Amino acid sequence: MSVLIAPSILSGDFANLGQTVEDLQASGADWIHVDVMDGCFVPNLTIGPQVVAALRPYAKIPFDVHLMIAQPERSIDHYVRAGADRITVHAEATVHLQRTLTAIREAGAKVGVAFNPSTSVEILPYIADVIDLVLVMTVNPGFGGQSFIPATLHKIKSVHEKLRELGRESVEIEVDGGVNEQTARLCTEAGATVLVAGSHVFSAPSLAHGITSLRV
Ligand code: DX5
Ligand code: ZN
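Summarised in this report is the structure supplied together with it.

Reading guide: rules and limits
- Residues numbered from 1 in each chain as written.
- Chains lettered and ligands numbered in written order.
- Predicted model: local features only at pLDDT ≥ 70, side-chain atom pairs only at ≥ 80, totals over all residues.
- Heavy atoms only, no water.
- Core = buried A, V, L, I, M, F, W, Y, C linked by side-chain atoms within 4.5 Å.
- Buried < 20%, exposed > 50% of the residue type's maximum accessible area, 1.4 Å probe, protein only.
- Helix = DSSP H or I, 4+ residues; strand = E, 2+ residues; numbered from the N terminus.
- Contact = heavy atoms within 4.5 Å.
- Pairing = 2+ DSSP bridges.
- Right-handed = clockwise from strand over helix to strand, strands pointing away.
- Donors = N, O, S within 2.8 Å, 3.2 Å for Na, K, Ca; no water.
- Tetrahedral: all angles 85-135°; square planar, octahedral: opposite > 155°, others 65-115°.
- Near = heavy atom within 4 Å.
- Polar contact = N/O pair within 3.5 Å; in protein donor to acceptor, adjacent residues only side chain to side chain.
- Areas by Shrake-Rupley, 256 points an atom, 1.4 Å probe, with all protein chains shown as cover.
- Nonpolar A, V, L, I, M, F, W, Y, C, P; charged D, E, K, R; others polar.
- Axes fitted to C-alpha atoms, helices over the stretch in contact; angles between N-to-C directions.
- Parallel < 35°, antiparallel > 145°, perpendicular 65-115°, else oblique.
- Left-handed = near helix turned anticlockwise from the far one by under 90°.

### A closer look at the nonpolar core
With 59 residues, the main nonpolar core has L101, V134 and L195 as its most contacted residues. If one sorts the elements of this core by residue count, helix α6 (residues 152-165) sits on top with four residues. L101 has contacts with V89, V111, G112, V113, I127, V130 and I131, leaving out every residue within four places of it along the chain. In this structure, W31, A114, L135 and V196 belong to the second largest nonpolar core, which totals ten residues.

Structure follows, in structure tokens:
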């Protein structure tokens, strides 16, 4: 199966996000990656459920909502109602992770768990049966345009191996941060199945070119 590309609207024009979402779909994006930041879990503040709901009619492809917020369990229902198809929470942001992941599934969305670059993935066996996606952060979350952290490649490989050992090879492995043509290839070779990209896609000659160039 070929890799999926999920452009991050964080690098789009915040005064025209509806148009951005529409353009990304027309340019071949597989998913729309929505970065939600609360100014607490990460030192940046972006958008909330009201904006996600306002953007949802602009595309039919899945909305992949990445919650970089503390205590995400408090807001899951809001994002599902706003039209999130997939919700990813950080393992570092919620005390009762298995409960939070189960709540996402019960609310009707696909379930993702994200790991910061310094977080171990040793807990995977305990949550493998309730997840659809593992998001390996390849930068520290909070901002677009940062450089890929090479040590995370080993983590992608280890997630790939662990999922196979657990009989959960259908779980997507998503990477997020510093993805460009070079790092995209390294990530897919390591086992990534979904690539998030912000600055690479939006600084390309066209969105379509930026997206296609990552299908290595
Ligand atoms: C970082 C966000 C990313 C970000 C990626 O905290 O989760 O989705 O937009 O941006 P680039 O591709 O520019 O590193
Ligand atoms: Zn993200």
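### Overview of unusual backbone geometry
A positive phi angle is found at Q71, which is not glycine, with a value near 50 degrees. Q71 gets classed as partly exposed once you look at its relative accessible area, which sits at 40%.

### Thoughts on the pairing of strand β5 (residues 110-115)
Within β5, five of the six residues are buried, which leaves the element mostly enclosed by the surrounding structure. Pairing of strand β4 (residues 86-90) with β5, which is carried by five bridges, proceeds in the parallel orientation. Paired with I87 across the strands is V111, a residue of β5. Remark: the β4/helix α4 (residues 97-107)/β5 crossover connection has right-handed handedness.

### Let's talk about the coordination of the zinc ion (ligand 2)
The protein atoms that coordinate the zinc ion (ligand 2) are H33 (NE2), D35 (OD), H66 (ND1) and D176 (OD), at distances spanning 2.0 to 2.3 Å. One can describe the site at the zinc ion (ligand 2) as octahedral: its six donor atoms subtend angles covering 68 to 168 degrees at the metal. All donors of the zinc ion (ligand 2) belong to a single chain; written as a sequence motif, their spacing is H-x1-D-x30-H-x109-D. Pair noted here: H33 is in strand β2 (residues 32-37) and H66 is in strand β3 (residues 63-68), with a separation of 33 residues, a long-range link. Residues H33 and H66 agree in their burial class; the two are buried.

### Some points on the site of ligand 1
Neighbouring ligand 1 are 20 residues; D35, G142, D176, G198 and S199 lie closest to it. G142 places a main-chain nitrogen or oxygen 2.7 Å from an oxygen atom of ligand 1. Note that an oxygen atom of ligand 1 is positioned 2.5 Å from one of the side-chain N or O atoms of S199. Alone, ligand 1 offers 380 Å² of accessible surface; in the complex the protein occludes 100% of this. When contributions to the shell around ligand 1 are tallied by element, the ones reaching two or more residues are β2, β3 and β8 (194-197). It is β2 that contributes the most residues to the shell around ligand 1, three residues altogether. Of the residues belonging to the shell around ligand 1, the class tally is eight nonpolar, ten polar and two charged.

### Quick word on the environment of A197
Structurally, A197 is set in strand β8. In this structure A197 comes out as buried when scored by relative accessible area, which is 2%. Linking A197 and I131, residues 66 residues apart in sequence, is a C-alpha distance of 22 Å. For A197, the contacting residues outside a window of four places in its chain are A6, P7, S8, V179 and L214.

### Observations concerning the sheet that holds β2
Taken together, the eight strands give an open sheet; going across it, the order is β1-β8-β7-β6-β5-β4-β3-β2, and neighbouring strands pair in parallel fashion. Looking at which strands have only one partner, the edges of the open sheet turn out to be β1 (4-7) and β2. Between one strand axis and the next, the sheet turns by 25 degrees as a mean value, whatever way the strands run. Note: β2 against β3, six bridges, orientation parallel.

### Considering the packing of α6 against helix α7 (residues 181-190)
With their axes 8 Å apart at the nearest point, α6 and α7 run at an angle of 30 degrees to one another. By the angle class used here, α6 and α7 are roughly parallel. As for the relative orientation of α6 and α7, their crossing is right-handed in sense. Along its contact with α6, which presents L153, I156, K157 and H160, the element α7 presents L186, C187 and A190. Across the contact of α6 with α7, the residue classes tally to five nonpolar, one polar and one charged.

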